[in-house]
Amino acid sequence: MPVEFQTQFFKKDEAQARLAILTHFDLRGIHFQKALGRNNDELTIVTGIFDENGNFVTGLSKIVSMKLLDTTYTKLSRSGFTVKSSFDVKPGTYLVRLVVRDAVGAQMAARNGAVVIPY
């Protein structure tokens with residue numbers, strides 16, 4: 001499944017930061033089920049944030065239900081779409097693990113990345 005992510009952060013103050021994970025999907029690699037004139041699928045996105053020692057810090061799961069008309073599907077097939085998840089963390093070094101599963105095609109994708117939020 002074609003999926004990529006980027007990280008962004010901003011510091012609230014010396015002890016707190018907001019980490020955003022922007023997950024971008026390319027619809028051309030996702031299998032949809034056609035029903036009642038719509039392209040249907042459901043993506044489960046699980047994001048985990050781990051510290052530099054591999055300890056779990058925080059995470060969340062999101063479900064994105066898609067019931068796209070053909071015109072919307074065609075438009076998003078060209079550009080894709082992005083889902084944003086935000087986390088409150090302390091400055092430091094983090095590993096981001098992202099796992100995505102789609103319900104219709106039973107495809108999975110996993111990505112890892114690192115982010116350093118300076119003190």
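The structure presented is a predicted model; accordingly, all values stated were derived computationally and were not measured.

Q: How should the nonpolar core be read in this particular structure?
A: Generally speaking, nonpolar side chains in soluble globular proteins are found buried as a group. Phe-25, Leu-27, Leu-43, Met-66, Phe-81 and Val-100 are the most contacted members of the largest nonpolar core, which has 28 residues in total. Apart from residues no more than four positions distant in its own chain, Leu-43 is found in contact with Met-1, Phe-25, Ile-30, Lys-62, Ile-63, Val-64, Met-66, Phe-81, Val-100, Arg-101 and Asp-102.

Q: What's the story with a nonpolar patch on the surface in this structure? I'm lost.
A: Side chains of Val-46, Val-99 and Met-108 sit close together on the surface and give an oily, nonpolar patch of about 250 Å² of accessible area. In this fold, Val-99 is placed in strand S7 (residues 92-102).

Q: I'm lost on the packing of aromatic side chains in this one. Help?
A: Working definition: an aromatic ring pair is given by the centre-to-centre distance plus the angle between the planes. Considering all chains together, one arrives at 3 aromatic pairs under this definition. Aromatic pair Phe-25 and Phe-81: ring centres 5.1 Å apart, planes at 20 degrees, arrangement stacked. Placement of Phe-25 in strand S2 (residues 17-25) and of Phe-81 in strand S6 (residues 81-89) is noted, with a sequence separation of 56 residues between them. Like Phe-81, Phe-25 is buried. Both rings, one in Phe-32 and one in Tyr-73, keep their centres 5.2 Å apart while their planes meet at 80 degrees; by these two values the pair is edge-to-face. Of the two residues, Phe-32 is situated in the loop between S2 and strand S3 (33-35) and Tyr-73 in helix H1 (residues 70-79); the sequence distance between them amounts to 41 residues. By relative accessible area, which is 18% here, Phe-32 ends up buried. Here the guanidinium or amino end of Arg-97 rests over the ring plane of Phe-50, the centre of that ring lying 4.8 Å away.

Q: Please explain the side chain of Asp-102 as it appears in this structure.
A: Tracing the backbone shows Asp-102 in strand S7. Dropping the residues within four chain positions of it, Asp-102 is found in contact with Met-1, Ile-30, His-31, Asp-41, Glu-42, Leu-43 and Gln-107.

Q: For this particular structure, what's the right way to read the sheet that holds S6?
A: Note: strands within a sheet are paired through backbone hydrogen bonds, in either parallel or antiparallel orientation. Spatial ordering of the open sheet is given by S1-S2-S6, a layout of 3 strands whose pairing is antiparallel. Either end of the sheet is taken by a strand with one partner, and the two such strands are strand S1 (3-11) and S6. Across the sheet, the mean angle from the axis of one strand to that of its neighbour is 20 degrees, orientation sign disregarded. In the sheet, S1 pairs with S2 via 9 bridges, with the strands oriented antiparallel. Paired with Lys-11 across the two strands is Ala-17, which belongs to S2.

Q: So what exactly am I meant to see when it comes to the pairing of S7 here?
A: Two faces, one strand: in a regular strand the side chains alternate between the faces of the sheet. The side-chain alternation of S7 yields one buried face, formed by Gly-92, Tyr-94, Val-96, Leu-98, Val-100 and Asp-102, and one unburied face, formed by Thr-93, Leu-95, Arg-97, Val-99 and Arg-101. Across 9 bridges, strand S4 (residues 38-51) lies against S7 in antiparallel orientation. Note that in S7 the partner of Gly-48 across the bridge is Arg-97. In terms of strand pairing, S7 meets strand S8 (residues 108-117) through 10 bridges, oriented antiparallel. Paired with Thr-93 across the bridge in S8 is Val-116.

Analysis parameters
- Residues numbered from 1 in each chain as written.
- Predicted model: local features only at pLDDT ≥ 70, side-chain atom pairs only at ≥ 80, totals over all residues.
- Heavy atoms only, no water.
- Core = buried A, V, L, I, M, F, W, Y, C linked by side-chain atoms within 4.5 Å.
- Buried < 20%, exposed > 50% of the residue type's maximum accessible area, 1.4 Å probe, protein only.
- Contact = heavy atoms within 4.5 Å.
- Patch = residues over 30% accessible without salt bridge, like charges linked within 9 Å, V, L, I, M, F, W, Y side chains within 5 Å.
- Areas by Shrake-Rupley, 256 points an atom, 1.4 Å probe, with all protein chains shown as cover.
- Salt bridge = Lys/Arg side-chain N within 4 Å of Asp/Glu carboxyl O.
- Helix = DSSP H or I, 4+ residues; strand = E, 2+ residues; numbered from the N terminus.
- Phe/Tyr/Trp six-rings, centres within 6.5 Å; stacked < 30°, edge-to-face > 60°.
- Lys NZ or Arg CZ within 6 Å of the ring centre and 35° of its normal.
- Pairing = 2+ DSSP bridges.
- Axes fitted to C-alpha atoms, helices over the stretch in contact; angles between N-to-C directions.

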